[in-house]
Amino acid sequence: MKVDKMLKKDYLKNWDKEYFWHPFTQMKVYREEENIIIERGEGVYIYDIDGNRYIDGVASLWCNVHGHNHPKLNRALESQLKKIAHFTTLGASNVPATVFAKNLVDITPPKLTKVFYSEDGSEAMEIAIKIAYHYWHNRGEKQKTKFVTLSEAYHGDTIGSVSVGGINIFHEKYRPLLFDVYKMPSPYLEAVKKVGREKALEYGTTKMLIEEVEDFIFRNHQEIAGFVLEAGVQGAAGILPFPKGYLKEIRRICDEYNILMIVDEVATGFGRTGYMFACEKEGVEPDIMALGKGITGGYLPLAATLVTDEIFDQFLGEFGEAKHFYHGHTYTGNPLACSVAVANLEVFEEEQTLKKLQPKIKLLEERLKEFWDLKHVGDVRQYGFMAGIELVKDKKTKEPFPYGERTGFKVANYMIKKGVWVRPLGDVMVIMPPLVISEDELNYLIDVMKEGIQNLK
Ligand SMILES: *Cc1c(COP(=O)(O)O)cnc(C)c1O
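The shown structure was predicted, so the numbers you read here are calculated from the model rather than taken from an experiment.

Engineer: Where do I start with the nonpolar core in this structure?
Structural biologist: Membership of the largest hydrophobic core comes to 95 residues, with the highest contact counts inside it found for F227 and I453. Per-domain counts for this core show at least three residues from each of domain 1 (36-66 + 352-454) and domain 2 (74-350). Every residue in contact with I453, bar those within four places of it in the chain, is listed here: F371, L374, V377, I389, L391, V411 and M429. Counting residues in each nonpolar core, the second largest holds 24 residues, with A132, F147, A225 and V228 among its members.

Engineer: Would you mind showing me how to read the sheet that holds strand β3 (residues 53-56) here?
Structural biologist: Within a sheet, neighbouring strands are paired by backbone hydrogen bonds and run either parallel or antiparallel to one another. If you walk across this open sheet you meet the four strands as β1-β2-β3-β15, and the pairing is mixed. Looking at which strands have only one partner, the edges of the open sheet turn out to be β1 (38-42) and β15 (420-421). Pairing analysis gives two bridges linking β3 to β15, with the strands arranged parallel. Residue D56 lies in a different strand from β15, and its bridge partner there is W421.

Engineer: Please clarify how the site of the ligand should be interpreted in this entry.
Structural biologist: Lining the immediate surroundings of the ligand are W62, D120, G121, S122, Y154, H155, G156, E230, D264, V266, A267 and K293. At 3.5 Å from a nitrogen atom of the ligand is found a main-chain nitrogen or oxygen belonging to Y154. D264 is positioned such that a nitrogen or oxygen atom in its side chain is 2.6 Å from a nitrogen atom of the ligand. Taken together, the residues of the shell around the ligand break down into four nonpolar, four polar and four charged.

Engineer: Please explain the side chain of D379 as it appears in this structure.
Structural biologist: On the secondary structure map, D379 appears in strand β13 (residues 377-383). At 2.5 Å, the side chain of D379 forms a polar contact with the side chain of R197. Within the structure, the side chain of D379 is placed 2.8 Å from the side chain of R381, a separation counted as a polar contact. Sequence-distant contacts of D379, that is, excluding residues within four places in its chain, are made with Y188, R197, W372, G388, I389 and E390.

Engineer: Honestly, helix α6 (residues 121-138) in this entry has me stumped. Any pointers?
Structural biologist: The α-helix winds at 3.6 residues per turn, so residues separated by three or four positions along the chain end up facing the same way. Given a rise of 1.5 Å per residue, 18 residues ought to cover 26 Å, and the 25 Å separating the end C-alpha atoms of α6 matches this to within 8%. Most of α6 sits out of view: 14 of its 18 residues are buried. At the exit of α6 stands G140, carrying a positive phi of roughly 85 degrees.

Engineer: Just checking my understanding: could you explain the sheet that holds strand β11 (residues 288-291) for this structure?
Structural biologist: Spatial strand order, β4-β12-β11-β10-β7-β5-β6: seven strands in an open sheet with mixed pairing. The sheet terminates laterally at β4 (112-118) and β6 (182-184), the two strands that pair on one side only. Across this sheet, the average inter-strand angle for adjacent strands is 20 degrees, counted without regard to direction. Here strand β5 (residues 146-150) pairs with β6 via three bridges, running parallel. From the neighbouring strand, V148 faces β6, where its bridge partner is Y182.

Engineer: Quick question: what am I supposed to make of the UniProt feature "modified residue: N6-(pyridoxal phosphate)lysine" (unreviewed entry) in the protein here?
Structural biologist: As annotated in UniProt, the feature "modified residue: N6-(pyridoxal phosphate)lysine" (unreviewed entry) corresponds to K293 in the numbering used here. Here K293 shows up in the loop between β11 and β12 (303-308). Looking at K293, the relative accessible area reads 27%, which means it is partly exposed. The contacts of K293, once residues within four sequence positions are left out, are L61, W62, C63, V266, A267 and G298.

Engineer: Mind showing me how you'd approach the domain arrangement of the protein here?
Structural biologist: Domain annotation of the protein identifies domain 1 (36-66 + 352-454) and domain 2 (74-350). In this structure, domain 1 and domain 2 have C-alpha centres spaced 26 Å apart. The interface of domain 1 with domain 2 comprises 32 residues on the first partner and 32 residues on the second. Summing both sides of the interface, domain 1 and domain 2 together bury roughly 2500 Å²; the carbon and sulfur share of this comes to 62%. Of all residues in domain 1, the largest losses of buried area upon contact with domain 2 belong to W62, R381 and Y383, amounting jointly to 29% of the total for that side. Counting across the domain 1 and domain 2 interface gives one salt bridge.

Quick notes on the rules
Residues numbered from 1 in each chain as written. Predicted model: local features only at pLDDT ≥ 70, side-chain atom pairs only at ≥ 80, totals over all residues. Heavy atoms only, no water. Core = buried A, V, L, I, M, F, W, Y, C linked by side-chain atoms within 4.5 Å. Buried < 20%, exposed > 50% of the residue type's maximum accessible area, 1.4 Å probe, protein only. Domains from an automatic or database assignment. Contact = heavy atoms within 4.5 Å. Pairing = 2+ DSSP bridges. Helix = DSSP H or I, 4+ residues; strand = E, 2+ residues; numbered from the N terminus. Near = heavy atom within 4 Å. Polar contact = N/O pair within 3.5 Å; in protein donor to acceptor, adjacent residues only side chain to side chain. Nonpolar A, V, L, I, M, F, W, Y, C, P; charged D, E, K, R; others polar. Expected span 1.5 Å × (residues − 1). Axes fitted to C-alpha atoms, helices over the stretch in contact; angles between N-to-C directions. UniProt positions renumbered as here; feature names shortened; annotations may be inferred. Buried area = accessible area lost by both parts, 1.4 Å probe. Salt bridge = Lys/Arg side-chain N within 4 Å of Asp/Glu carboxyl O.

Written as structure tokens, this is what we have:
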């Protein structure tokens, strides 16, 4: 029995290396190293097939909210499974997708009243862009075909969402396949360059950055369909927060120049920033908002693009006018995913998730101060319950480690050995555990990350 079990594990590890091409993974390196195969999860912990336990330090890539194997989420799924797993929503509907659409409209900014489903964040953004373009087309303003985006933006990996993205190492190779966009500087990086780290996030900095943006929009607004940006923080770029008021200023500019504001809340939505949605922090209502990641509590692939009535109404017409939105996927509005999404929101209420999160955000803030003293830490950034710690070779000059040294992964590998699973963004260590993590577990995660960074030569 024991031998059988060991054999099974060896087969799995070999098959994993032999047949499974992993996302965002250099497979040559992956195949040379020990692979971890996860078997089950419980709360903030995951367990591999060898029986090792790890804290899920990045919430299974930023999507887990209430922990793994949550009884209420499991029940919702089981109960829906006994009814129906899937039926198309092209011209038909199902119960959970209908209920969840109503729930989403109730909790998102009031202007957003219509929900278009998809399966992941990239698609939600892709759909946002197509809707924005199509909206102006239907309104007869066919010259509005361009999008303004930010450097260092990340909106997903499909061709459309890569087109509006700005992370060179991921995106530059695909340039010949992408459509052209207008790119504004990354607010955080530009702020640091202009006024230094200390003052980067102040309101005064926003005013300065906005001048350049507004000047550009003033000159080009006739052809601009939408302004695309993340909701207050550029996540995949390494947790780069916007200076105070930036989002609000972009809202003002979009209103003034008749441009749709398209906000990507895929990473920030569902409590990650301490608010249900990050745009609440500045009281901003986008025209189009993309949701994903935490939408099902981290259970199943689901995403949504929300729009205003004003946008929706432009797609209404007689059938023969062909004004409708020609877009949909096989699994759009999947009942299993939507049923667990409904339960996800109920757990937010029942467990007072957002209220209990506030002291943990404070604790994170306090403990992050300790990292400034470490020899190889060049910057420390936090936005709600997400944090990025930037590792540099030289603290004074901020000279980075050579890319090939995989310094971030070295720290991550140390942490994994100590029972904390994390995945860095290059040399930025990310702290993004499930919202439900306890203070003790958070402290442990931070202790281990500190040790890992101190160990660097
Ligand atoms: C993760 C992410 C996406 C892409 O979502 P996928 O589900 O991975 O396709 C888009 N935008 C932001 C801000 C993200 O963090």
